[in-house]
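Structure assessment
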Amino acid sequence: KSAKEADRYARLCVSNDIDGLCLQVAAPLDLIEVGFPPPIAERIINVAIAKKKRSVMMKAFALLHGMNERIHASRGREMMIKAMGYGDEFATAYCRFHHWTQHSDRKPAVESFRVLAEAGDTYAMYYFGHCLHHGSHVERSPELAVKWYTLAAESGHSSAQTTLGWCYSCGFGLPKKSAKDAIKWYMKAAKQGEVNAFSNLASCYEFGLGVTMNLPLAAGWLKKAAALGSLAARHRLGEFYYDGIGVSQSYEIAFRHFFRAAELGHIHAQFRVGLAYESGIGVTANVRQATEWFRKVAGPAEPAPPSSSVDNENDENNDGAEANLGEKNSAAQGASAAAQNL
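Residues numbered from 1 in each chain as written. Predicted model: local features only at pLDDT ≥ 70, side-chain atom pairs only at ≥ 80, totals over all residues. Heavy atoms only, no water.

**Focus: the pattern of salt bridges**
Between side chains of opposite charge, a pair can form when the charged atoms approach closely. Under the defined criterion, the tally for this structure stands at 9 salt bridges. The shortest N-O distance in the salt bridge between Arg272 and Glu239 comes to 3.7 Å. You can see Arg272 sitting in helix α15 (residues 267-279) and its partner Glu239 sitting in helix α13 (residues 231-243), a full 33 residues away along the chain. Of the two residues, Arg272 and Glu239, both sit in the buried class. (Salt bridge = Lys/Arg side-chain N within 4 Å of Asp/Glu carboxyl O. Helix = DSSP H or I, 4+ residues; strand = E, 2+ residues; numbered from the N terminus. Buried < 20%, exposed > 50% of the residue type's maximum accessible area, 1.4 Å probe, protein only.)

**Some words on unusual backbone geometry**
A positive phi angle, close to 60°, is found at Asn68, a residue other than glycine. The residue Asn68 is located in the loop between α3 (38-65) and α4 (73-86) in this model. Overall, the relative accessible area of 52% leaves Asn68 in the exposed class. A positive phi angle, near 60°, is found at His99, a position not held by glycine. Relative to the elements of secondary structure, His99 occurs in the loop between α5 (89-97) and α6 (106-118).

**Describing the nonpolar core**
Here is a general trend for soluble globular proteins: nonpolar side chains tend to be buried in one another's company. Counting residues in each nonpolar core, the largest one holds 43 residues, and the members touching the most others are Met57, Phe61, Met80, Phe90, Tyr94, Phe113 and Tyr127. Those elements that provide at least two residues to this core are α3, α4, α5, α6, α7 (122-134), α8 (142-154) and α9 (158-170). Considering each element in turn, this core owes the most residues, 8 residues, to α7. With residues near it in sequence (within four places) discarded, Phe61 still touches Gly66, Met67, Met80, Phe90, Tyr94, Tyr123, Tyr126, Tyr127, His157 and Ser159. (Core = buried A, V, L, I, M, F, W, Y, C linked by side-chain atoms within 4.5 Å. Contact = heavy atoms within 4.5 Å.)

**Digging into the packing of aromatic side chains**
Within the structure shown, the criterion is met by 24 aromatic pairs. A ring pair is formed by Phe61 and Tyr123, whose centres lie 5.1 Å apart and whose planes are at 85°; its orientation type is edge-to-face. You can see Phe61 sitting in helix α3 and its partner Tyr123 sitting in helix α7, a full 62 residues away along the chain. Tyr123 shares its class with Phe61; the two are buried. With centroids separated by 5.9 Å and ring planes inclined at 40°, the aromatic side chains of Tyr126 and Tyr149 adopt a geometry described as tilted. In this pair, Tyr126 is assigned in helix α7 and Tyr149 in helix α8, connecting sequence segments 23 residues apart. (Phe/Tyr/Trp six-rings, centres within 6.5 Å; stacked < 30°, edge-to-face > 60°.)

This is how it looks when you write it as structure tokens:
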């Protein structure tokens with residue numbers, strides 16, 4: 001009959017994955033039927049509904065960002081939209097920010113992050129910091145970004161802890177770099193199963209950044225990150241096995257790691273798979289397979305330039321095309337090695 005008891009029963013509702021509609025309609029009648037006075041039943045259900053909204057949002061965020069969950073973007077998006085449907089305010093702002101709703105608009109979403117952050121929502125603290133970091137519909141401010149990352153990190157948000165560690169590693173928004181503080185925050189995040197913290201710790205141990213160089217330990221952190229779905233970690237682990245860095249050298253195991261990352265779209269892993277099929281190192285040589293993988297890396301052939309007779313008709317679109325030249329040049333450089341192999 002206390003707030004503590006209401007919280008306990010609410011947690012039972014959530015842990016048994018009771019549907020939101022059931023919480024609102026059936027559960028109050030069940031509680032009254034077994035002897036709870038209506039006001040207490042109502043309080044239990046209100047707490048349970050609030051926890052249900054939050055639990056769905058937190059699960060969605062974990063799937064999207066690899067917070068002690070294997071990254072699963074499509075499932076995470078589905079659950080975040082579901083949390084928005086339950087009325088979770090952070091989920092609503094998140095979906096609008098990522099254009100997952102019909103009425104998507106980043107500027108109001110960023111303002112929602114600010115309001116929620118100031119009210120103490122750790123997820124909003126982290127994401128408002130992210131917006132300040134990148135200047136997303138708010139004036140860019142590395143110092144303020146670090147302020148919000150720190151508040152979220154100190155409240156236990158593992159993605160914020162990882163990002164704050166990165167800030168210390170390069171001095172972003174801070175007076176100076178601190179490899180020691182970077183390691184401290186990476187470790188805090190890693191204890192909560194944060195995939196990016198695993199990857200960053202692998203780099204620290206590989207190159208001796210803030211810690212004594214330890215290649216076997218670096219490989220161990222890469223394995224943890226790869227297990228949670230990091231394609232970059234999977235690709236780097238393949239390189240470790242290929243070169244015998246911190247592990248027993250094995251071209252076959254290296255190929256397996258390259259292939260798993262390549263299947264899911266990692267372009268550098270796709271190139272390594274192509275090289276393996278071309279050379280027969282780690283897998284039986286297969287020129288056709290090599291060509292197919294190199295074509296994936298090179299991308300589709302560029303269309304022929306328009307004839308001079310229509311050039312003037314496209315003048316009004318030149319600004320947009322010119323803005324993308326840097327991106328196209330970067331893509332061309334990334335695919336040049338594959339194109340040469342074709």
